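Coordinate inspection notes
The primary structure of each chain is shown beneath.
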Amino acid sequence: MNTHHLISSNIFYIIACKTFLSRSFALPLHPVMVLNYIWIAFFLIAFVIAVVKLVFWGDMTVFPAMMDSTFASSKTAFEISLGLTGVLSLWLGVMKIGERGGMVNALARLLSPVFSRLFPDIPKGHPVTGSIFMNIAANMLGLDNAATPLGLKAMEQLQELNPKKDTASNPMIMFLVLNTSGLTLIPVSIMVYRAQMGAAQPTDVFVPILLATFFSTLAGIIVTSLYQRINLINRTMLTALGGLSLLVAAIIWGFSQMDKDQMNMVSTSVANILLMCIIVGFILAGMRKRVNVYDAFIEGAKDGFQTAVRIIPYLVAILVGIGVFRASGAMDLLTDGIRQAVEACGGNSDFVGALPTAMMKPLSGSGARGMMVDAMTTYGADSFVGRLSCIFQGSTDTTFYVLAVYFGSVGIRYTRHAVACGLLADLAGVAAAIAIAYLFF
């Protein structure tokens, strides 16, 4: 698919976001408030459209359909959350073993030469580099509970080096973009949702997500480096970024030589082998550190149970809102409008059904999760739209949430180019996700 068709279909979203969070605002709008407005809009827009259908077209089924959707959606949300308990407990237990076994520290040491080039304003040997490495490594392993406190600690240390306490410094912005670009090696939660929604092979999106999040992160690094005039043309950066780019290009070329069935089989097999190797590697690392692996697993598994219970009200709220919005016909109007615009430009519009997930992701993680579940429920977990929505979910992080929490924690009022860089990284992730989904599925 031609890239400019994708950019045309999403450019209004980027312009709106940049305008909305312009410098006239002291801080990015808090994510809870953003989601509040979105949730209200779901119901009000659905109600207005339903009234128009009833009054002008005599549609007597629209309001019963909307009410039926509230009961069906709330039931679906509870069943999904309940079904997540076991798998979340499993993976969070495995992650706790990796954390205790020193895998986060190992990744930090591995990334050290590269990150020192990306943060030239940080004095050599400053403690903040350790916090940054630990945060990014925890994110890559999907250890959200560990990543957030490490990230907040890193922001506090960066603020100590910041000469303008109310304005984001260059290292702060680079750090935020690396977080919002969402580089994750193990997209556990997405595979868990796919399993819960009945996907034949929940891991079949593993390789596509890795590729999409790589392009998102690469774009974020390049754009931020251009803003900050960081020289990426040096041996360390060229070796790291160039080597990764060549590896990704080789993977894409290799898969492009296969037919769809063979590609799906190889992708799924590689994903399962890698995931099993990670589990065994975490256990071996724990044994090497003389960690009580069983106790570490149990501790992490308890977090999994608590997490599954904690998300029930959020999932109910967002799925009910989306259900009403869809039952009123508003979702069809939105996607049909975008589909017609893409087709008018000569593009393939199969991806349009998954776009709500991509549009929601920068604003709200729980909202995007609800959109992803809704896409898999509506189109099927193994449909093109269902798989693409999962790739969208895994290709970037929640940009506005990260900006609000991290900058808000240290009192930053002026975010400079952080929003623009974060959104451009998101756009690159969306474009890459669509192209990769067409290649794989």
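Residues numbered from 1 in each chain as written. Predicted model: local features only at pLDDT ≥ 70, side-chain atom pairs only at ≥ 80, totals over all residues. Heavy atoms only, no water.

A look at the nonpolar core
Stated precisely, the cut-off is as follows: In this text, buried Ala, Val, Leu, Ile, Met, Phe, Trp, Tyr and Cys residues form a nonpolar core when linked through side-chain atoms within 4.5 Å. Any residue under 20% of the maximum accessible area for its type is buried, any over 50% is exposed, and the rest in between are partly exposed; the area is computed with a 1.4 Å probe on protein chains only. Helical segments are the DSSP runs of H or I of at least four residues, strand segments are the runs of E of at least two, and each set is numbered from the N terminus. Working rule for contacts: check all heavy atoms of both residues, and any pair within 4.5 Å makes them a contact.
Counting 104 residues, the largest nonpolar core has Ile132 and Phe175 as the members making the most contacts within it. Ranked by residue count, the leading element in this core is helix H19 (residues 418-440), at 11 residues. Setting aside residues up to four positions removed in sequence, phenylalanine 175 forms contacts with Phe119, Ile132, Asn135, Ile136, Gly151, Ala154, Met155, Leu158 and Tyr406.

Points about helix H14 (residues 330-344)
As a reminder, the rule being used: Multiplying 1.5 Å by the residue count of a helix minus one yields the expected span of that helix. Directions pointing from the helix axis toward each C-beta atom define the arc.
The end-to-end C-alpha separation of H14 is 21 Å, in line with the 21 Å expected for 15 residues at 1.5 Å each. Every buried residue of H14 is accounted for by Ala330, Met331, Thr335, Ile338 and Val342. Around the axis of H14, the buried residues are gathered within 130° of arc, so they sit on the same side. Turned more than 90 degrees away from the buried face of H14 sit Leu333, Gln340 and Ala344, all of them exposed.

Concerning the packing of helix H9 (residues 206-228) against H19
Applied cut-off: Orientation is described by axes fitted as lines to C-alpha atoms, over the contacting stretch for helices, and by angles from 0 to 180 degrees between their N-to-C directions. For classification, angles of less than 35 degrees are called roughly parallel, those exceeding 145 degrees roughly antiparallel, those between 65 and 115 degrees roughly perpendicular, and all remaining angles oblique. Crossing handedness is read from the near helix: turned anticlockwise from the far helix by less than a right angle, it gives a left-handed crossing, and turned clockwise, a right-handed one. Note that Gly is not counted as nonpolar here; it falls among the polar residues with everything else outside the nonpolar set of Ala, Val, Leu, Ile, Met, Phe, Trp, Tyr, Cys and Pro and the charged set of Asp, Glu, Lys and Arg.
In the contact formed by H9 and H19, the axes pass within 8 Å of each other and the chain directions differ by 150°. Classed by the angle they form, the pair H9 and H19 counts as roughly antiparallel. Regarding H9 and H19, the two cross each other, and that crossing is right-handed. Seen from H9, the contacting residues are Val207, Pro208, Leu211, Ala212, Phe215, Ser216, Ala219, Gly220, Val223, Thr224 and Tyr227; seen from H19, they are Ala420, Cys421, Leu424, Ala425, Ala428, Gly429, Ala432, Ala433, Ile436 and Phe440. Partitioned by chemical class, the residues of the contact of H9 with H19 number 17 nonpolar, four polar and no charged.

Examining the packing of helix H17 (residues 384-395) against H19
A packed helix pair is summarised by two numbers, namely the angle formed by the two axes and the spacing between the axes. Direction vectors running N to C along H17 and H19 enclose 145°, while the axes themselves pass 9 Å from each other. Handedness of the H17/H19 crossing: right-handed. Two secondary-structure elements touch here, H17 through Phe384, Leu388, Ile391, Phe392 and Ser395 and H19 through Gly429, Val430, Ala433, Ile434, Ala437 and Tyr438. Across the contact of H17 with H19, the residue classes tally to nine nonpolar, two polar and no charged.

A closer look at empty space enclosed by the protein
To keep it simple, the criterion reads: Here a cavity means grid points, on a 1 Å grid over the protein atoms only, where a 1.4 Å probe fits yet cannot get out; a pocket means an open set of points with protein on both sides within 12 Å along at least five of seven lines; lining residues are those with an atom within 4 Å of a point. Grid points are joined across faces, edges and corners, and a volume is the space filled by probe spheres set on the points.
Under the defined criterion, the tally for this structure stands at two cavities of 30 Å³ or more. Reported here for the second largest cavity is a volume of approximately 30 Å³. What lines the second largest cavity is simply Arg326, Gly353, Ala354, Pro356, Thr357, Met371, Asp374 and Ala375. Counting residues per element, the ones that place at least two in the lining of the second largest cavity are helix H15 (355-360) and helix H16 (365-379). Of all the elements, H16 adds the most residues to the lining of the second largest cavity, at three residues.

Describing the packing of aromatic side chains
We count it as follows: Side-chain rings of Phe, Tyr and Trp (the six-membered ring for Trp) are treated as a pair once their centres are within 6.5 Å; stacked means planes under 30 degrees apart, edge-to-face means over 60, and tilted covers the remaining angles.
The final tally for this structure, using the stated rule, is seven aromatic pairs. An angle of 65° between the planes, with centres 4.8 Å apart, marks the rings of tryptophan 39 and phenylalanine 43 as edge-to-face. Of this pair, tryptophan 39 and phenylalanine 43 both sit in helix H2 (residues 31-57), four residues apart, roughly one helical turn. Centre to centre, the rings of phenylalanine 175 and tyrosine 406 are 6.0 Å apart; their planes meet at 15°, and the pair counts as stacked. Of this pair, phenylalanine 175 sits in helix H7 (residues 170-180) while tyrosine 406 sits in helix H18 (residues 399-409), and the two are 231 residues apart along the sequence. A residue is classified by how much of its surface remains accessible, and tyrosine 406, at 5% relative accessible area, is buried.

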